[in-house]
Each structure stands twice: as structure tokens, then as C-alpha cells.
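Coordinate analysis (summary)
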Amino acid sequence: MTETRSGTDSRTDTDTGPDRPAPEGPDSSAREAPTAFKKDLLTYLQDARDALLWKLEGLSEYDVRRPLTPTGTNLLGLVKHATAAEALYFGETFGRPFEAPRPWITGDAEPNADLWATPEESRELIVGRYRAACAHADATIDALPLDAVGRVPWGDRNAVTLHHGLVHMTAETQRHAGHADIVRELVDGATGQRRGGENTAPGDGAWWAAHRARVERAARTAADRAPERP
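Residues numbered from 1 in each chain as written. Predicted model: local features only at pLDDT ≥ 70, side-chain atom pairs only at ≥ 80, totals over all residues. Heavy atoms only, no water.

A short note on helix 3 (residues 75–90)
- The terminal C-alpha atoms of helix 3 lie 23 Å apart, and with 16 residues this matches the ideal 22 Å at 1.5 Å per residue to within 8%.
- Helix 3 sits mainly inside the fold: 16 of its 16 residues count as buried. (Helix = DSSP H or I, 4+ residues; strand = E, 2+ residues; numbered from the N terminus. Expected span 1.5 Å × (residues − 1). Buried < 20%, exposed > 50% of the residue type's maximum accessible area, 1.4 Å probe, protein only.)

Section: the pattern of salt bridges
- All chains considered together, the criterion is met by nine salt bridges.
- Among the ionic pairs, Arg 66 bridges to Asp 63, the shortest N-O distance being 2.7 Å.
- Residue Lys 80 is joined to Glu 121 by a salt bridge in which the shortest nitrogen-to-oxygen separation is 2.9 Å. Of this pair, Lys 80 sits in helix 3 while Glu 121 sits in the loop between helix 3 and helix 4 (123–143), and the two are 41 residues apart along the sequence. For the pair shown, Lys 80 and Glu 121 are each scored as buried. (Salt bridge = Lys/Arg side-chain N within 4 Å of Asp/Glu carboxyl O.)

A short note on the packing of aromatic side chains
- If you walk through the whole model with that rule in mind, you get one aromatic pair.
- Ring centres of Trp 207 and Trp 208 lie 4.8 Å apart, and the angle between their planes is 85°; this geometry places the pair in the edge-to-face category.
- Taking relative accessible area as the criterion, Trp 207 reaches 39% and is therefore assigned partly exposed. (Phe/Tyr/Trp six-rings, centres within 6.5 Å; stacked < 30°, edge-to-face > 60°.)

This is the structure we're talking about:
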């Protein structure tokens, strides 16, 4: 699997570039602010996208698909769901449709249809469609100002700005990247926001076993001391 571009490399500057000089004058900071906001939002969104995708790396076909919770949470399904959300919030909402599975919550698919992969849907298809949906989303983000108004296809108060869409999609993708982190740990013990276990404490298997035992003892001690709840 090829690596996605780093979040810090995301190019979202719509106000300046090789063909457009940086703004000058007393109001230059005001003109630069929306670009800086957009770049910050897209950087965090891309970081979440990258985290979600790397959780698939090095796993078997079964392990990227198998449910690891009672509600069926699985790695490839999380990517499929994120594809649907990217396509909706940065495609249809702003009149720039992108072909992707519809989120079941919109009422256009059976319950949870976008949260698992059928045997006919290859890993390459789902990951490739996600990358394409993200690229389409980036083009929308690049083309429109943060205060551009679109409409999500449900509800009475369905008008949203691009700014709102970016905040929502960043929060949603980070949430699902957290799901993927737990699912991947349950599969083979791999952890961390990035490859190599970054953002987790260093330690071998024995250290983590001792740490888990310590947390378990603390939980049981606290439970023993707690008053009975009605």
C-alpha cells in the first residue's frame, strides 16, 4: 500500500502561490487569515486520513475485514464509511458530486451498508476510492472560500458552510481513526497514531503486561472502595 501524503505537506493556500504574489498593505493579515485557517483545518484532516489508512497496512484480507466489536466495527468498513462522508460533505453538499457509497444514515442504503466491505469489494477498490474522494474533497476545499454555503441532503436546517464541513469531517475522521487504533491493537497489538508506535509509551511486551496489570489492580481497588450505587 502506498503512503498518503503527510498532513504537514497538504497544500491548501488559495490566496498565494507561484503565480500570485503574497498580499501586501495594511489589510494583508486580514486577507491571509482565511487561508491560514483553511490550511490548519486541512492539515488536521489529512493527519486523521493518514492515521486511518495506515491501520490497514500489513494485515491479511481477513484481518482488515473481520468485526472486532459486538456492533461489527472493522478496519476496511471504517475507510468505506469515511469515503462516503468525504464524498457527501465536499461533493454533493457543494454541487460537486463524487461517486461513492451513500451513508446509510441518509436513508439511501440498508443499515450499516457503508460500515463493512462485501466479498466483492476489494481492499484496493475501497482504499482507492477513499484516496480519490479525499482528492476530490481537497479540490473543493481549494476552490471555495470557508464561508461558501452548501446543503447536506437531509434535515430542515441543512445549510452548512465549508468551514463547518471541514470541522465536522476532521472530527469525524479523527473519531474513526481512534476506532481503527483500538481495532488494530486487537488484531496484532500495533498501536500509535503513526507508524512505529508513535504517541505511545515505549516498552516491550512484558512492560505492557505489567502496565495493564497495574491498571487492573487500580480499577479493582477503586471499585472495592467505592460506595454501592443505587
